[in-house]
Amino acid sequence: MADTEATAPKKDELLDSLNKGLALLRLFASGVESLTMQEVAERLEVTRAAARRLLLTLQHNGYLAQNGRQFSLTPRVMELGYAWFAGMTLPRLAQPHLRALAARCGETCSVGMLDDESVVLVAREEPRQMLRVDMAIGRRMPAYAHSLGRVLLAGLDDDALHDYLARAELRKLTPFTVDSPQALMRTLEQVRADGYCVLVSELMDGYAGISVPLHDQTGKVVAGLGFSMVLGSRAPESLASRYLAPLREAAGAIEEVLRAR
């Protein structure tokens, strides 16, 4: 009982101004380049005075810059996440294997971790080629519509997975996106059985991915390893035969390092 109470703080124990400040940063992180004070007030459902205080506080600390009526993020905001990424064991241990994997297969490869309803890229390596996939470290994508996200969702226990399906907003991102909880559940059961996921044109039309899970010392799925690519003239059916063995080999090597640390 004590553990449950500790993880479920009462509303009056939360600092509302900090909540609003974090919501403002997430608003910018969603891809919005700049916002006016009025736009912030409307999107966060606060008064103009509260929006002004939030913007000026973040500007004072160097996280926002003002140009006329427009406010935008500064590079300093990267400090908030960089120290966490730099200190993580998994990305550092995985990077040499990602480098070898990208060189071997000629495709962009990434490690992703589940964060609420998103998959977040924590490590990435791209080959030396003209056509690249824009997959920067720290990028967040809907877990249900990405191959990395699906191997992570498939790795959840039944209770956690049903909780996710009950609260996740499944949107039709392309004509091919699985946006039904029932259909997604069937897909994830197949991913569990197969031990990998191939996904085509569900996040963006014409893009494909193939991913496998990464397990910790206890066998729990803690991350995913995968390729992202422009499908081009490749047949979707060929992705597993071409990329699954190298992915599983690299995943096994990363897991072996994790077990030995």
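Residues numbered from 1 in each chain as written. Predicted model: local features only at pLDDT ≥ 70, side-chain atom pairs only at ≥ 80, totals over all residues. Heavy atoms only, no water.

What about the overall build of the protein chain?
Line of reasoning, step 1. Secondary structure assignment for the protein chain yields ten helices and eight strands.
Line of reasoning, step 2. For the protein chain, with 261 residues in total, the buried portion stands at 40%.
Line of reasoning, step 3. Partitioning the intrachain contacts of the protein chain with sequence separation of at least 6 by distance along the chain shows that 57% fall at a separation of at least 24.
Line of reasoning, step 4. For the protein chain, the exposed surface amounts to about 14,800 Å²; the carbon and sulfur share of it is 52%. (Helix = DSSP H or I, 4+ residues; strand = E, 2+ residues; numbered from the N terminus. Buried < 20%, exposed > 50% of the residue type's maximum accessible area, 1.4 Å probe, protein only. Contact = heavy atoms within 4.5 Å. Areas by Shrake-Rupley, 256 points an atom, 1.4 Å probe, with all protein chains shown as cover.)

Overview of the nonpolar core
Line of reasoning, step 1. Counting 28 residues, the largest nonpolar core has L101, V111, I210, L225 and F227 as the members making the most contacts within it.
Line of reasoning, step 2. Among the elements of the structure, α6 (89–105), β3 (108–115), β4 (118–125), β7 (207–215), β8 (221–230) and α10 (238–260) are those that each provide at least two residues to this core.
Line of reasoning, step 3. When neighbours within four sequence positions are excluded, V111 is seen to be in contact with L90, A94, L98, V120, L121, V122, A123, L214, A223, G224 and L225. (Core = buried A, V, L, I, M, F, W, Y, C linked by side-chain atoms within 4.5 Å.)

Observations concerning a nonpolar patch on the surface
Line of reasoning, step 1. A cluster of nonpolar side chains, contributed by L15, L18 and L22, occupies part of the molecular surface with about 290 Å² of accessible area.
Line of reasoning, step 2. In this structure, L22 sits in helix α2 (residues 16–29).
Line of reasoning, step 3. On the basis of relative accessibility, which here comes to 39%, the residue L22 falls in the partly exposed class. (Patch = residues over 30% accessible without salt bridge, like charges linked within 9 Å, V, L, I, M, F, W, Y side chains within 5 Å. Salt bridge = Lys/Arg side-chain N within 4 Å of Asp/Glu carboxyl O.)

Concerning the pairing of β7
Line of reasoning, step 1. Counting buried residues along β7, seven of its nine residues qualify, which places the element largely inside the surrounding structure.
Line of reasoning, step 2. Bridge analysis of strand β6 (residues 197–200) against β7 gives four bridges, and the strand direction is antiparallel. Looking at the pairing, C197 lines up with S211 of β7.
Line of reasoning, step 3. Connecting β6 to the antiparallel partner β7 that follows it, the hairpin turn spans six residues, and S201 within it adopts a positive phi of roughly 60 degrees.
Line of reasoning, step 4. Examined bridge by bridge, β7 and β8 share nine bridges and lie antiparallel to one another. For P213, the partnering residue across the bridge sits in β8 and is G224.
Line of reasoning, step 5. Between the end of β7 and the start of β8, which pair antiparallel, lie five residues, with G219 showing a positive phi angle near 95 degrees. (Pairing = 2+ DSSP bridges.)

Here we look at the environment of F176
Line of reasoning, step 1. Relative to the elements of secondary structure, F176 occurs in the loop between α8 (158–167) and α9 (181–194).
Line of reasoning, step 2. Distance in space between the C-alpha atoms of F176 and S201 is 6.2 Å, their sequence separation being 25 residues.

Brief notes about the sheet that holds β6
Line of reasoning, step 1. Spatially, the six strands line up as an open sheet ordered β5-β4-β3-β8-β7-β6, and their pairing is antiparallel. The open sheet has two free edges, formed respectively by β5 (140–142) and β6, since each of these has just one partner strand. Pairwise comparison of adjacent strand axes, ignoring direction, gives a mean angle of 35 degrees for this sheet.
Line of reasoning, step 2. Here β3 runs beside β8; their pairing, made up of five bridges, is antiparallel. (Axes fitted to C-alpha atoms, helices over the stretch in contact; angles between N-to-C directions.)

Brief notes about the confidence of the model for the protein chain
Line of reasoning, step 1. For the protein chain, per-residue confidence averages 86 on the pLDDT scale, and residues scoring 70 or more make up 88% of the total.
Line of reasoning, step 2. Across the protein chain, element-level confidence peaks in helix α7 (residues 147–154) with a mean pLDDT of 97 and bottoms out in helix α1 (residues 2–7) with 43. (pLDDT = per-residue confidence, 0-100.)

Structural notes on the environment of T89
Line of reasoning, step 1. Mapping T89 onto the fold places it in helix α6.
Line of reasoning, step 2. In this structure T89 comes out as partly exposed when scored by relative accessible area, which is 26%.
Line of reasoning, step 3. Between the alpha carbons of T89 and L258 there is a distance of 8.6 Å; along the sequence they are 169 residues apart.

Here's the deal with the packing of α6 against α10
Line of reasoning, step 1. α10 packs onto α6 with a crossing angle of 155 degrees between their chain directions and a minimal axis gap of 10 Å. By the angle between their axes, α6 is roughly antiparallel relative to α10. Regarding α6 and α10, the two cross each other, and that crossing is right-handed. Across the interface between the two elements, L90, L93, A94, H97, L101, R104 and C105 from α6 touch Y243, P246, L247, E249, A250, A253, I254, V257 and L258 from α10. (Parallel < 35°, antiparallel > 145°, perpendicular 65-115°, else oblique. Left-handed = near helix turned anticlockwise from the far one by under 90°.)

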